[in-house]
Amino acid sequence: TYRHVNIAMVNELLQYSNLLGVDLWDAIRCASSKPFGFQAFYPGPGVGGHCIPIDPNYLSHRIKAVLGQPFRFVELAQEINSGMPLYVKERIAEILNEAKKPINGSKILLVGVTYKPNIADERESPVRPLARALIEAGADLSYFDPFVPTWNIDRDHGSSPDDRLLDSVSDVSAAIADVDLVVVLQPHRNIDFATLLPTAKRVLDTRGIFTAENVVRL
């Protein structure tokens, strides 16, 4: 719950920081110079896994069931964090609009679809609702993730005949150079970003890691 609430705070602050023209990652870096009383949390495309997006709701449900009261911090955190994939979609639309391109028909490559880096776990990944929203908006969507060779964008577990399945691109270098926008969602250490990203037309970095002329931070 502590992480859920604090991540929600920086995710909401990110949205206001962009409107105010403030580099939130730099502000966090500066605040991290304080030797006590500060714990850094970072914004991103949403939260995933079982702990952060799921477990706090058990506590919230228990409080409501037994006491009849809302756990307002948890409910607000859930609202903010679950809304981040749609915020990422909005930022994608802004970047493409600057290039006089709509989402509809644009080639978009998602890099890293797991819920955290360097693992194959997709549970509650915020990339899944982002992918669905982009496809429904008409994007020509592809993805690359060395941990996930085939990706079901409609569910975490099991499958249905109507599920939409995607295969990770086989030649990521060619794909990055070809698409209209690369969206970095998980910075897996076995992806050679230093070599690959300079070949991209434009990049949206949702983790605030990269700096280059063709990179826009979330």
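For the structure, check the block above.
The structure contained in this document is the topic of the report that follows. Note that the structure is predicted; figures quoted are calculated from it, not measured.

1. A few points about the overall build of the protein
A tally of helices and strands in the protein yields eight helices and seven strands. Computed over the C-alpha atoms, the radius of gyration of the protein is 18 Å, within 12% of the 17 Å expected from 2.2 N^0.38 for a compact globule of 218 residues. Relative to its 218 residues, the protein shows a buried fraction of 44%. Restricting the contact set of the protein to residue pairs at least 6 apart, pairs at least 24 apart contribute 61%. When the accessible surface of the protein is summed, it comes to about 11,500 Å², and 54% of that surface belongs to carbon and sulfur atoms. For the protein, the distance from the average site of its 22 positive side-chain charges to the average site of its 26 negative ones is 5 Å.

2. Quick word on the nonpolar core
Core analysis: the biggest nonpolar cluster contains 30 residues, and Ile92, Ile108, Leu110, Leu134 and Trp151 have the highest contact counts within it. Of all the elements in the fold, those that place two or more residues in this core are helix H2 (24-31), helix H5 (84-98), strand E1 (107-111), helix H6 (127-136), strand E2 (140-144) and strand E5 (181-184). When residues in this core are grouped by element, the largest group, six residues, is from H5. The next biggest cluster of nonpolar side chains, apart from the first, holds 18 residues, and it includes Leu109, Phe144, Ala175 and Leu196.

3. A short note on the pattern of salt bridges
Enumeration according to the criterion identifies 11 salt bridges in this entry. A salt bridge links Asp163 to Arg155, with the shortest nitrogen-to-oxygen separation between them at 2.7 Å. Residue classification places Asp163 among the buried positions, given a relative accessible area of 12%. Residue classification places Arg155 among the partly exposed residues on the basis of a relative accessible area of 31%.

4. Regarding a nonpolar patch on the surface
Taken together, Leu13, Tyr16, Leu19, Leu20 and Val22 make up a surface patch of nonpolar side chains, about 550 Å² in accessible area. With respect to the helices, strands and loops of the structure, Leu13 is situated in helix H1 (residues 2-20).

5. Let's talk about the sheet that holds strand E7 (residues 215-217)
Pairing within the open sheet is parallel, and its five strands lie in the order E2-E1-E5-E6-E7. Single-partner strands in this sheet number two, and they are E2 and E7. Adjacent strand axes in the sheet meet at a mean angle of 20°, parallel and antiparallel pairs treated alike. Pairing analysis gives three bridges linking E5 to strand E6 (residues 203-205), with the strands arranged parallel. Across the sheet, Val184 pairs through a bridge with Asp205, a residue of E6.

6. Comments concerning the pairing of E5
Judged by which residues are buried, E5 turns out to be covered on both faces: Leu181 and Val183 on one side and Val182 and Val184 on the other are all buried. Bridge count between E1 and E5: four bridges; the pairing is parallel. Looking across to E5, one finds that Ile108 is bridged to Leu181.

7. So, helix H3 (residues 51-67)
Here H3 is 17 residues long and its end C-alpha atoms lie 24 Å apart, about the 24 Å a rise of 1.5 Å per residue gives. Among all positions of H3, only Ile52, Pro53, Pro56 and Ser60 are buried. With its buried residues spanning 90° around the axis, H3 presents them on a single face. In H3, the exposed positions that point more than 90 degrees away from the buried face belong to Tyr58, His61, Arg62, Ala65 and Val66. In the core, the buried residues of H3 are packed alongside H1 and helix H4 (72-82). Positive backbone phi, at 70°, marks Gly68, one or two positions downstream of H3.

8. Quick notes on the environment of Val5
Within the fold, Val5 resides in helix H1. In sequence terms Val5 and Ser159 are 154 residues apart; their C-alpha atoms lie 32 Å from each other. Ignoring any residue separated from it by four or fewer positions in sequence, one finds Val5 in contact with Phe73 and Ala77.

9. Side note on the layout of surface pockets
If a probe the size of a water molecule is rolled over the atoms, the empty space left behind becomes visible. Estimated volume of the largest pocket: approximately 550 Å³. Around the largest pocket, the lining comprises 22 residues; the ones closest to its centre are Ile7, Tyr42, Pro43, Gly46 and Arg207. Sorting elements by how many residues they give to the lining of the largest pocket places H1 first, with three residues. As a volume, the second largest pocket reaches approximately 260 Å³. The wall of the second largest pocket is formed by 16 residues, among which Val47, Glu124, Ser125, Pro126 and Pro129 lie closest to the centre.

Criteria and cut-off values
Residues numbered from 1 in each chain as written. Predicted model: local features only at pLDDT ≥ 70, side-chain atom pairs only at ≥ 80, totals over all residues. Heavy atoms only, no water. Helix = DSSP H or I, 4+ residues; strand = E, 2+ residues; numbered from the N terminus. Rg over C-alpha atoms; globule rule 2.2 N^0.38 Å. Buried < 20%, exposed > 50% of the residue type's maximum accessible area, 1.4 Å probe, protein only. Contact = heavy atoms within 4.5 Å. Areas by Shrake-Rupley, 256 points an atom, 1.4 Å probe, with all protein chains shown as cover. Lys, Arg positive; Asp, Glu negative; His and termini not counted. Charge placed at Lys NZ, Arg CZ, Asp CG, Glu CD. Core = buried A, V, L, I, M, F, W, Y, C linked by side-chain atoms within 4.5 Å. Salt bridge = Lys/Arg side-chain N within 4 Å of Asp/Glu carboxyl O. Patch = residues over 30% accessible without salt bridge, like charges linked within 9 Å, V, L, I, M, F, W, Y side chains within 5 Å. Pairing = 2+ DSSP bridges. Axes fitted to C-alpha atoms, helices over the stretch in contact; angles between N-to-C directions. Expected span 1.5 Å × (residues − 1). Arc of directions from axis to C-beta. 1 Å grid on protein atoms, 1.4 Å probe; cavity = no way out; pocket = protein on both sides within 12 Å on 5 of 7 lines; lining within 4 Å. Points joined across faces, edges and corners; volume = space filled by probe spheres on them.

Geometric values such as these leave the question of function open.
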